[in-house]
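One letter stands for each residue in the lines below.
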Amino acid sequence: MNVEKHRPFLKWAGGKYRLIPEITKHLPKGKCLVEPFVGAGSVFLNTDYERYLLADVNPDLINLFNTVKNDVDRYVAEVAVIFSDKFANSDTFYYQRRQEFNLCEDPFRRSVLFLYLNRFGFNGLCRYNKKHQYNVPFGDYKRPYFPEKELYFFSKKAQKAQFICADFEQTFAYLEKHPDDYVVYCDPPYAPLIQSTNFTSYSSGGFSMGQQQQLAEYAKQLASKNTPVMISNHDTVFTREIYQESKIVSFPVQRFIGQTTESRVKVNELFALFTATGL
């Protein structure tokens, strides 16, 4: 039986849409799914828990999700205006909207511009400079997609969700203080395939190797209190070491790292499942 998969309305580098069948196969049962790194929300959209607690450190992302949850009709109407502008798919228009976004303080308008920049910008990236200005370049796509259907599905599903702007430490601290029938799924920025021994070095997204280890410790601690935690990452010597007290499932994933066929390579990823019973 084929189950319909639901795409997120955002393009998102590192999104988990393609891995949904694998993820849902291994996620434990529970009443509330918690995602400390929600990203575009592919796992949220394609699971069926009673409740969701969805966190991310990006305030623009959480603002967008709460706007779509609470006022989807107005939101879709406003986004349709900007997407349908005859100059919308031009670099001049894009960079004007990007500048507007960086100066904008109105949460609703900012959420509208965020989706436009996401769909018309380069490669699903979400990137800011040191002044916290959005700096993703124009994508130059032939036919950017207006995700109206996806927005309405997200809004409907979001009625079961709470979106919070928090890092993984704050999220785990909340779970410790408010025990419930949680299942936690973590999709942190992946550890590099080639490891450094320097634990202050950073992987993608400014996530240090020390933070990778800290996340594994939090997962182990929470699992010991009967809250299962599953983490996605690259399958490397380093990740296997920090996840050694979990059940590990490894699998190959096709990666597109360039424009040529030769650059399409398979790398091994893993799920590490921490439970009260350990291995």
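Residues numbered from 1 in each chain as written. Predicted model: local features only at pLDDT ≥ 70, side-chain atom pairs only at ≥ 80, totals over all residues. Heavy atoms only, no water.

**Student:** I tried to follow the packing of aromatic side chains on my own but got confused; where do I start?
**Tutor:** Two measures describe an aromatic ring pair: the distance that separates the ring centres and the angle between the ring planes. Enumeration over the complete set of coordinates arrives at 29 aromatic pairs. For the ring pair Phe 9 and Phe 65, a centre distance of 6.0 Å and an interplane angle of 85 degrees mean the geometry is edge-to-face. With Phe 9 in the segment before helix H1 (20-26) and Phe 65 in helix H3 (residues 59-70), this residue pair connects regions lying 56 residues apart in the sequence. Residue Phe 9 is classed as buried on the basis of its relative accessible area of 1%. Ring centres of Phe 101 and Phe 114 lie 6.1 Å apart, and the angle between their planes is 45 degrees; this geometry places the pair in the tilted category. Of this pair, Phe 101 sits in helix H5 (residues 91-103) while Phe 114 sits in helix H6 (residues 107-120), and the two are 13 residues apart along the sequence. Given the relative accessible area of 0%, Phe 101 is considered buried. (Phe/Tyr/Trp six-rings, centres within 6.5 Å; stacked < 30°, edge-to-face > 60°. Helix = DSSP H or I, 4+ residues; strand = E, 2+ residues; numbered from the N terminus. Buried < 20%, exposed > 50% of the residue type's maximum accessible area, 1.4 Å probe, protein only.)

**Student:** Which parts of the structure should I look at to understand the UniProt feature "binding site: S-adenosyl-L-methionine" (unreviewed entry) in the chain?
**Tutor:** UniProt records the feature "binding site: S-adenosyl-L-methionine" (unreviewed entry) at Trp 12, Lys 16, Asp 56 and Asp 187, using the numbering of this structure. With respect to the element layout, Trp 12 can be found in the segment before H1. Beyond its immediate chain neighbours, meaning those up to four positions away, Lys 16 contacts Ile 23, Ser 42, Val 43, Tyr 185, Asp 187, Tyr 190 and Ser 232. (UniProt positions renumbered as here; feature names shortened; annotations may be inferred. Contact = heavy atoms within 4.5 Å.)

**Student:** Help me understand the pattern of salt bridges in this model?
**Tutor:** Oppositely charged side chains can pair when the atoms bearing their charge come close. Counted by the stated rule, this structure contains 12 salt bridges. Among the salt bridges present, the one from Asp 180 reaches Arg 51, with a minimum N-O distance of 2.5 Å. Within this pair, whereas Asp 180 is found in the loop between helix H8 (168-177) and strand E4 (182-186), its partner Arg 51 is found in strand E2 (residues 51-56), the two being separated by 129 residues in sequence. The salt bridge involving Glu 100 is made with Arg 97; its shortest N-O contact spans 3.0 Å. On the criterion of helical spacing, the pair formed by Glu 100 and Arg 97 is a turn pair, its members being three residues apart in helix H5. Glu 100 gets classed as partly exposed once you look at its relative accessible area, which sits at 25%. Overlapping salt bridges, with partners in common, bring together Arg 97, Glu 100 and Arg 109 in one network. (Salt bridge = Lys/Arg side-chain N within 4 Å of Asp/Glu carboxyl O.)

**Student:** I keep staring at the domain arrangement of the chain and nothing clicks. Help me out?
**Tutor:** Quite often, the size of an interface is put as the accessible area lost when its parts meet. Assigned domains within the chain: domain 1 (19-57 + 166-274) and domain 2 (64-149). Summarising the inter-unit geometry, the C-alpha centres of domain 1 and domain 2 are found 28 Å apart. (Domains from an automatic or database assignment.)

**Student:** I would appreciate a short explanation of the packing of H3 against H6 in the present structure.
**Tutor:** Packed helix pairs are specified by the crossing angle of their axes together with the interaxial distance, meaning the distance between the axes. Running from N to C, H3 and H6 cross one another at 100 degrees; their axes reach a closest spacing of 9 Å. Considering their axes alone, H3 and H6 lie roughly perpendicular with respect to each other. From H3, Asp 60, Leu 61, Asn 63, Leu 64 and Thr 67 reach across to H6, where they touch Pro 107, Phe 108, Arg 110, Ser 111 and Phe 114. Here the residues of the contact of H3 with H6 are counted per class, giving five nonpolar, three polar and two charged. (Axes fitted to C-alpha atoms, helices over the stretch in contact; angles between N-to-C directions. Parallel < 35°, antiparallel > 145°, perpendicular 65-115°, else oblique. Nonpolar A, V, L, I, M, F, W, Y, C, P; charged D, E, K, R; others polar.)

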